[in-house]
Amino acid sequence: MKAAVFAYSRQGCRTARQVLRYLKGQEVRAYTMERFDEPGFQPLPRPGRPLYREVFSWADAMVFVGSVGIAVREIAPFVKDKRTDPAVLSIDELGTFVIPILSGHIGGANAIALELAHVLKAEPVITTATDINGKFSVDAWAARQGLFITDLKMAKRVSAAILEQNVPFASDFPIVGSLPGGLVQESAGEIGICVSCREYRPFDRTMLLVPPVLHLGIGCRRGIQEQEIGAAVDTVLKEYGFHSKAVKLAASIDRKADEAGLLSFCQKRGLPLSFYTADALRALPGDYTASQRVLQVTGVDNVCERAAMMGAERLLVRKTVQNGVTVAVAAESWEVRFE
């Protein structure tokens, strides 16, 4: 975790040092007023807005040891999206109260507040409705599970519904253990939650949560362009109804490690790209679409299916050929867990 701690008084610096001990081992920056000149603290510049802007983009968490008002004023110009905004917390200078202000669920501010309160022997002040009512918090759970929330407005509607009634829950993946209070396993209803790697919305109003579990296996002709690879991948995803956020990584044979179009495609899509030797691909057990031509050129009878299956469990889409690109899709094993 990357964290920044701000203190605005001498006593605040003492409390901030306790926070820094809690954050030991993390990537941390600490700041205070220049006149305090505390070891381990960087001076807060004037004007401070450029620094707060930079830290807001850099940090996973920002802890203000001072009034809530200071924290609100400094972060207000930069607040954009709860999926990307950092966790922001305020702690009074005596360390009496720990107050999550921003990104309580997805950013983890509520969880950090509880841990910091324990360290400081302070009182956590949690204000989110699902937490104070002891109800299931779908966005916090989704963040812990690494699920992509496709619609934040729907997340708010589901959270509001959970406060009033049981909400249906559907999943394409096995559910381990019992559902938490507020959820019932059903596949139809007015409003509900669905966990799927496909564009699947079984409810009238569906909060779709997408786990990143798909592997793309990609083969291509020499000199292929990034746009051609993207078009082939998008065609396959659309044909089989896969959500783009379900894609976790791409893989190919090591002969393609210098293929500019493939490298550019993965960079633009933010996908990790792995390469495997022909020996490693050939050693992978399973039934794959064999090609004598591919075997003669690469030393293995199939690149895309075998590459997709490296580290995966099920081959979902066999070799699909489009304009010099071959694409296969495999899925990792994944389960829905609430504990």
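Up top is the structure these notes are about.
Numbers given for residues are sequential positions, taken from 1 along each chain in its written order. The predicted nature of this model means local features are confined to residues of pLDDT at least 70 and side-chain atom pairs, given and counted, to a pLDDT of 80 or more, with totals for whole chains, interfaces and linings taken over all residues. Hydrogens and waters are ignored; side-chain quantities use all the structure's heavy atoms.

Peer 1: Help me get a handle on the pattern of salt bridges, residues and values and all.
Peer 2: In what follows, salt bridge is the name for a side-chain nitrogen of Lys or Arg lying within 4 Å of a carboxyl oxygen of Asp or Glu. What the rule picks out here adds up to 18 salt bridges. Where Asp279 meets Arg282, a salt bridge forms, and the shortest distance between an N and an O atom there is 2.2 Å. Of the two residues, Asp279 and Arg282 are both situated in helix H10 (residues 278–282); the distance of three residues between them amounts to about one turn of the helix. Think of it in three bands: with a 1.4 Å probe and only protein chains considered, a residue is buried below 20% of the maximum accessible area for its type, exposed above 50%, and partly exposed in between. Residue Arg282 is classed as partly exposed on the basis of its relative accessible area, which comes to 43%. Through salt bridges with shared partners, a single network forms among Arg222, Lys256, Asp258 and Glu259. In this text, helices come from DSSP runs of H or I with a minimum length of four residues, and strands from runs of E with a minimum of two, each type numbered from the N-terminal end.

Peer 1: Got a sec to walk through the side chain of Thr206? Specific residues and values, please.
Peer 2: Tracing the backbone shows Thr206 in strand E13 (residues 205–210). Under this definition, polar contacts are N or O atom pairs within 3.5 Å; protein pairs additionally need one hydrogen-donor-capable and one acceptor-capable atom, and for neighbouring residues in sequence, both atoms have to be side-chain atoms. Separated by 2.9 Å, the side chain of Thr206 and the backbone nitrogen of Phe203 make a polar contact. Should any heavy atoms of two residues lie within 4.5 Å, those residues are considered in contact. Setting aside its immediate chain neighbours within four residues, Thr206 contacts Met154, Gly192, Cys194, Tyr200 and Arg201.

Peer 1: Can you tell me about the packing of helix H1 (residues 10–22) against helix H4 (residues 109–120), naming the residues and giving the values?
Peer 2: Taken N-terminus to C-terminus, the directions of H1 and H4 make an angle of 115°; their axes are 10 Å apart at the nearest point. Pair H1 / H4 crosses with right-handed handedness. In contact with Thr15, Gln18, Val19 and Tyr22 of H1, H4 contributes Ile112, Glu115, Leu116, Val119 and Leu120. Side-chain classes are defined by residue name, with Ala, Val, Leu, Ile, Met, Phe, Trp, Tyr, Cys and Pro counting as nonpolar, Asp, Glu, Lys and Arg as charged, and the others, Gly among them, as polar. A per-class count over the contact of H1 with H4 returns six nonpolar, two polar and one charged. Throughout, an axis means a line fitted to C-alpha atoms (over the contacting stretch in the case of helices), and angles, computed between N-to-C directions, take values from 0 to 180 degrees. It is the rotation of the near helix from the far one that decides the hand of a crossing: anticlockwise by less than a right angle makes it left-handed, clockwise makes it right-handed.

Peer 1: Tell me about the sheet that holds strand E15 (residues 247–253), and please be specific about residues and values.
Peer 2: Two strands qualify as a pair provided that DSSP identifies no fewer than 2 bridges between them. Pairing is mixed in the open sheet, where five strands are placed in the order E16-E15-E14-E18-E17. This sheet does not close on itself; its edge strands, each paired only once, are strand E16 (273–276) and strand E17 (314–322). The sheet shows a mean angle of 25° between the axes of neighbouring strands, direction not considered. The sheet strands contacting helix H8 (residues 226–240) are strand E14 (214–220), E15, E17 and strand E18 (325–331), and the helix crosses E18 at an angle near 45°. Against the sheet, helix H9 (residues 260–269) touches E14, E15 and E16, its axis set at about 145° to E16.

Peer 1: So what about the sheet that holds E13? Which residues, and what values?
Peer 2: Reading across the sheet, the five strands line up as E8-E13-E12-E9-E11 and stay open at both edges, with mixed pairing between neighbours. Only two strands of the sheet have a single partner each, and these edge strands are strand E8 (148–149) and strand E11 (183–185). Pairing between strand E12 (residues 191–195) and E13: five bridges, direction parallel. In the strand pairing of E13, Ile193 is matched with Met207.

Peer 1: Give a detailed account of the environment of Gly182, specifying residues and quantitative values.
Peer 2: Within the fold, Gly182 resides in the loop between strand E10 (175–176) and E11. In the structure, Gly182 is positioned 20 residues away from Ile162 in sequence and 5.7 Å away in space, judged by C-alpha atoms. Excluding residues that lie within four positions of it along the chain, Gly182 makes contacts with Ile162, Gln165, Asn166 and Val167.

Peer 1: If you had to explain the packing of aromatic side chains to someone new, which residues and values would you point to?
Peer 2: Two aromatic rings from Phe, Tyr or Trp, using only the six-membered ring of Trp, form a pair when their centres are within 6.5 Å; if the ring planes differ by under 30 degrees the pair is stacked, by over 60 it is edge-to-face, and anything between is tilted. Summed over all chains, the structure comprises twelve aromatic pairs. Judged by centre distance (4.8 Å) and plane angle (20°), the ring pair of Trp141 and Phe338 falls under stacked. Separated by 197 residues along the polypeptide, Trp141 in helix H6 (residues 138–145) and Phe338 in the segment after strand E19 (336–337) bring together distant segments of the chain. Here Trp141 matches Phe338 in class, with each residue buried. The structure contains a cluster of three or more aromatic residues connected by ring pairs, namely Phe6, Tyr31, Tyr52 and Phe64. Consider the ring centre and the ring normal. A charge sits over the ring if Lys NZ or Arg CZ is within 6 Å of that centre and within 35 degrees of that normal. A cation sits over an aromatic face here: Arg29 above Trp58, 3.8 Å from the ring centre. The ring centre of Phe148 lies 5.2 Å from the NZ or CZ of Lys245, which sits over that ring.

Peer 1: Can you break down the pairing of strand E1 (residues 2–7) residue by residue, with the values?
Peer 2: Where a strand is regular, its side chains alternate between the two sheet faces. Among the six residues of E1, five are classified as buried, and the element is accordingly described as predominantly covered. Relative to strand E2 (residues 27–32), E1 runs parallel, the two sharing five bridges. Along E2, the bridge assignment pairs Ala4 with Arg29.

Peer 1: Before we move on, can you summarise the nonpolar core with the specific residues and values?
Peer 2: Throughout, nonpolar core names a set of buried Ala, Val, Leu, Ile, Met, Phe, Trp, Tyr and Cys residues whose side chains join them through atoms within 4.5 Å. Of all hydrophobic cores here, the largest spans 55 residues; its most connected members are Trp141, Val158, Ile193, Met207, Leu209, Leu216 and Ile218. Per element, the largest residue contribution to this core is six residues, and it comes from helix H7 (residues 152–164). Excluding its chain neighbours within four sequence positions, the residues that come into contact with Met207 are Val138, Ile149, Met154, Ala155, Val158, Gly192, Ile193 and Cys194. Of all hydrophobic cores here, the second largest spans 23 residues; its members include Ala16, Leu23, Leu89 and Leu116.

Peer 1: Report on the environment of Val294, specifying residues and quantitative values.
Peer 2: Position of Val294 among the secondary structure elements: in helix H11 (residues 292–298). Given the relative accessible area of 17%, Val294 is considered buried. Expressed as a C-alpha distance, the spacing of Val294 and Gly219, which sit 75 residues apart in the sequence, is 9.9 Å. Those residues in contact with Val294 that sit more than four places away from it in its chain are Gly299, Val300, Asp301, Asn302, Val303 and Lys319.

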